[in-house]
Amino acid sequence: AISIQVYRTYLNGLGALSALVTPIGLVCSMSVRGPVDWWLSKFSDSATLNFNGGPTTVGGTSQFLLIYGLLGFGSALLSIIWNISAVIGSISVSRRLHLDMLESVMKAPMSFFDSTPSGRILNRFAKDMHCID
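Note that the coordinates shown come from a computational prediction; the quantities given were computed from them, not determined experimentally.

Caption draft 1: Looking closely at the overall build of the protein. Scanning the protein from terminus to terminus reveals five helices and two strands. Shown N-terminal to C-terminal, the secondary structure of the protein runs as helices and strands in the order α-α-β-β-α-α-α. Expressed as a percentage of its 133 residues, the buried residues of the protein come to 20%. Within the protein, contacts between residues at least 6 apart in sequence are counted, and of these 68% link residues at least 24 apart. Of the roughly 9,800 Å² that the protein leaves accessible, carbon and sulfur atoms contribute 69%.

Caption draft 2: Fine view of a nonpolar patch on the surface. Residues Ile2, Ile4, Val6 and Tyr7 make up a contiguous nonpolar surface patch of roughly 410 Å² in combined accessible area. Residue position: tyrosine 7 is located in helix 1 (residues 4-14).

Caption draft 3: Spotlight on the layout of surface pockets. Estimated volume of the largest pocket: approximately 430 Å³. Along its surface, the largest pocket is lined by 14 residues, and Ile2, Val6, Asp128, Cys131 and Ile132 are the ones closest to its centre. At the level of secondary structure, the elements contributing two or more residues to the lining of the largest pocket comprise helix 1, helix 3 (61-106) and helix 5 (118-132). Across the lining of the largest pocket, the residue classes tally to eight nonpolar, two polar and four charged. Considering only enclosed or pocket space, the second largest pocket measures out at about 170 Å³ in volume.

Caption draft 4: View of helix 3. The terminal C-alpha atoms of helix 3, which comprises 46 residues, lie 67 Å apart, in line with the 68 Å expected from a rise of 1.5 Å per residue. At its buried positions, helix 3 is contacted by helix 1, helix 2 (16-45), helix 4 (110-115) and helix 5.

Caption draft 5: Fine view of empty space enclosed by the protein. On inspection of all chains with the given rule, the structure shows one cavity of 30 Å³ or more. Among the secondary structure elements, those contributing two or more residues to the lining of the largest cavity are helix 2 and helix 3. Residues belonging to the lining of the largest cavity are distributed by class as follows: six nonpolar, no polar and no charged.

Rules behind the numbers
Residues numbered from 1 in each chain as written. Predicted model: local features only at pLDDT ≥ 70, side-chain atom pairs only at ≥ 80, totals over all residues. Heavy atoms only, no water. Helix = DSSP H or I, 4+ residues; strand = E, 2+ residues; numbered from the N terminus. Buried < 20%, exposed > 50% of the residue type's maximum accessible area, 1.4 Å probe, protein only. Contact = heavy atoms within 4.5 Å. Areas by Shrake-Rupley, 256 points an atom, 1.4 Å probe, with all protein chains shown as cover. Patch = residues over 30% accessible without salt bridge, like charges linked within 9 Å, V, L, I, M, F, W, Y side chains within 5 Å. Salt bridge = Lys/Arg side-chain N within 4 Å of Asp/Glu carboxyl O. 1 Å grid on protein atoms, 1.4 Å probe; cavity = no way out; pocket = protein on both sides within 12 Å on 5 of 7 lines; lining within 4 Å. Points joined across faces, edges and corners; volume = space filled by probe spheres on them. Nonpolar A, V, L, I, M, F, W, Y, C, P; charged D, E, K, R; others polar. Expected span 1.5 Å × (residues − 1).

Below is the structure:
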């Protein structure tokens, strides 16, 4: 189990901008998906059958497609923004925590290195960085 202190350290390292943009961007991106699906269902419900059996739409097809395209573009743009924010924040935190871990190991007394095999130190670094990433 990961302690609350680890989450606090991660959020502190994340930075205010990334900590705000990532969840807000996620919520905005997910909230736009509903209207996109609603507009598509409205477009498909407006279709009627002509005498040849092919679908025709009542109202302007280009208007439906334009609005659907704009909603889809907005959803994709918000998704890209929150993904980039999350990646940049994660890389920043990972780099900062790795440097902190390295500094702690380098400041350890020489007796620590005499009694601890280098493979164990390396494995612990790799495990901790895997958890952070």
